[in-house]
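Structural features, examined
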Amino acid sequence: MADVTASGTVLVDNIGELVTNDPSTGEGPLGIVRDAAVLVVDGVVTWVGARGAAPDADAAVVDAGGRAVLPGFVDSHGHLAFAGDRAEEFAARMSGQPYTAGGIASTVRATRAASDAELEANVVRLVAEARRQGTTTVECKSGYGLSVADEARSLVVASSHVDETTYLGAHVVPAEYADRRDEYVALVAGEMLDACAPHAGWVDVFCDRGAFDVDEAREVLAAGISRGLRPRIHANQLEAGGGVRLAVELGAASADHCTHLSDADVDALAGSGTVATLLPGAEFSTRSPYPDARRLLDAGITVALAADCNPGSSYTTSIPFCIAVAVREMRMTPSEAVWSATLGGARALRRDDVGHLGVGARGDLLVLDAPSHLHLAYRPGVPLVSAVYRRGLRAA
Ligand code: NIG
Ligand code: FE
């Protein structure tokens, strides 16, 4: 298999099963084309068709050897700008301790103490780890700085390594504001937002028990929106509060976690354009009940799957792991889980250039060391991603 294409121009030929996620290009919701080839010119898909039938192009040729090719994974939810780890906290949970939002404070201490270079190295390491497992689009939040300077530098450090950045000054109230939470909310919606908005595309709030209530979340999100940021929300992870309905009220692109949902929450999502982003790594690592994806899918709600990589509740960058868990524990079919981790993630980020391999899409794809996308769930824990291309360039 060719190692590098310097130009972003590559022909991937001899594909046994190509997932395009474009029903007008192939069969079913995944738009599957068998015995296929895909041509990427200057980083963009220009042709999809039968194996051996590609138009002439000055392209490096990759022989997929009859294996499956999928769009690269779109991981729409990550917290990569941090320092330290919380392995002891994880071990304590596995001995019966509950997960609480309070653990975030220890990562805040480590993050504030880290140099810019250390923070950047952590982001780079985790993005590379994600790439090796097929992720070609990465979103990264701030949220472990919780001061004006530390939130802004988290976003600056992340922004040159990821595709989407999200301001999460409202992750928790930091210790020094414990008795002055109103002042902290005002800071997040004021001076901190001013410093962060130039480096972020999105604004997020952890709206849940132990973090921020619905009114506080509304204030922060509305301030972000007025500065041109688009809203997304951590909602209903720890309890069935009002976060999901706030997401719908504000037209948020995504409500993330959705672990505990009332019927009213499901109805609200069903009548909205808000994606439900499910994060099975968090339930796995906090030993919590999984969200019920089937309930959402049966209500016609768009579901995304993301890794939620962070040192507390979900220290994984592996979308294949999330797909396997979602299929086994959340009542998704293997095909639904693959769609949710690709085009679903793109919808959660309101991107139409990634998550599919129709003509005009970004040339982001992965080659599986397997004949079908079904193997991602069928062969859990096996490193099946054998090559990753991003904008037509070999990325892993
Ligand atoms: O998405 N839920 C809030 N934030 C992270 C966890 C943060 C932490 O525990 O450090 C999450 O799961
Ligand atoms: Fe998160």
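Procedures and definitions
Residues numbered from 1 in each chain as written. Chains lettered and ligands numbered in written order. Predicted model: local features only at pLDDT ≥ 70, side-chain atom pairs only at ≥ 80, totals over all residues. Axes fitted to C-alpha atoms, helices over the stretch in contact; angles between N-to-C directions. Helix = DSSP H or I, 4+ residues; strand = E, 2+ residues; numbered from the N terminus. Parallel < 35°, antiparallel > 145°, perpendicular 65-115°, else oblique. Left-handed = near helix turned anticlockwise from the far one by under 90°. Contact = placed C-beta atoms within 7 Å. Near = placed C-beta within 6 Å. Nonpolar A, V, L, I, M, F, W, Y, C, P; charged D, E, K, R; others polar. Pairing = 2+ DSSP bridges. Core = buried A, V, L, I, M, F, W, Y, C linked by C-beta atoms within 7 Å. Buried ≥ 20, exposed ≤ 12 C-beta atoms within 10 Å, placed from the backbone. Domains from an automatic or database assignment.

**Quick look at the packing of helix H12 (residues 319-329) against helix H13 (residues 334-348)**
One can describe the packing of H12 onto H13 by two numbers: an axis separation of 9 Å at closest approach and a directional angle of 140°. Relative to H13, the element H12 is oriented oblique. H13 is crossed by H12, and the crossing has right-handed handedness. Between H12, through Ile319, Cys322, Ile323, Ala326 and Val327, and H13, the contact on the second element is made entirely by Pro334, Ala337, Val338 and Ala341.

**Re the site of ligand 1**
In the region of ligand 1, 14 residues are neighbours, and Ile104, Phe206, Asn310, Gly312 and Ser313 sit closest. Grouping the amino acids of the shell around ligand 1 by side-chain chemistry returns 4 nonpolar, 9 polar and 1 charged.

**Side note on the sheet that holds strand E12 (residues 275-278)**
Taken in spatial order, the 8 strands make up an open sheet running E6-E7-E8-E9-E10-E11-E12-E13, and their pairing is parallel. With partners counted over all chains shown, the strands left at the sheet margins are strand E6 (73-75) and strand E13 (303-305), one partner each. Taking each pair of neighbouring strands and ignoring which way they run, the sheet shows an average axis angle of 25°. Here 3 bridges tie strand E10 (residues 230-235) to strand E11 (residues 254-257), and the two strands are oriented parallel to one another. Of the residues in E11, the one forming a bridge with Ala235 is His257. Strands in contact with helix H4 (residues 148-159) are strand E7 (135-141) and strand E8 (164-170); relative to E8, the strand with the most contacts, it is inclined by about 165°. Here H13 sits on the sheet in contact with E6, E7, E11, E12 and E13, set at roughly 105° to E13.

**Digging into the environment of Ser314**
Tracing the backbone through its elements, the reader meets Ser314 in the loop between E13 and H12. Expressed as a C-alpha distance, the spacing of Ser314 and Leu279, which sit 35 residues apart in the sequence, is 8.5 Å. Here Ser314 is in contact with Leu279, Gly281, Ala282, Ser285, Ala307, Asp308 and Cys309, once residues within four sequence places are set aside.

**Examining the nonpolar core**
Formed by 132 residues in total, the largest nonpolar core has its most connected members in Val12, Val38, Val69, Val220, Ile323 and Ala326. Counting the residues that make up this core, at least three belong to each of domain 1 (10-72 + 355-394) and domain 2 (74-348). Residues within four places of Val38 in sequence aside, it is in contact with Val12, Ile15, Leu18, Val45, Val48, Val69, Leu357 and Leu365.

**Considerations on the domain arrangement of the chain**
Per the domain assignment, the segments making up the chain are domain 1 (10-72 + 355-394) and domain 2 (74-348). Computed over C-alpha atoms only, the centres of domain 1 and domain 2 are separated by 29 Å. Each partner contributes residues to the interface: domain 1 has 21 residues there, and domain 2 has 21 residues. Grouping the amino acids of the side of domain 1 that touches domain 2 by side-chain chemistry returns 14 nonpolar, 5 polar and 2 charged.

**Focus on unusual backbone geometry**
Non-glycine residue His257 carries a positive phi angle of around 100°. At Arg350, a position not held by glycine, the phi torsion is positive, near 55°. By secondary structure assignment, the location of Arg350 is in the loop between H13 and strand E14 (365-368). Assessed through the 16 C-beta atoms surrounding it within 10 Å, Arg350 is described here as partly exposed.

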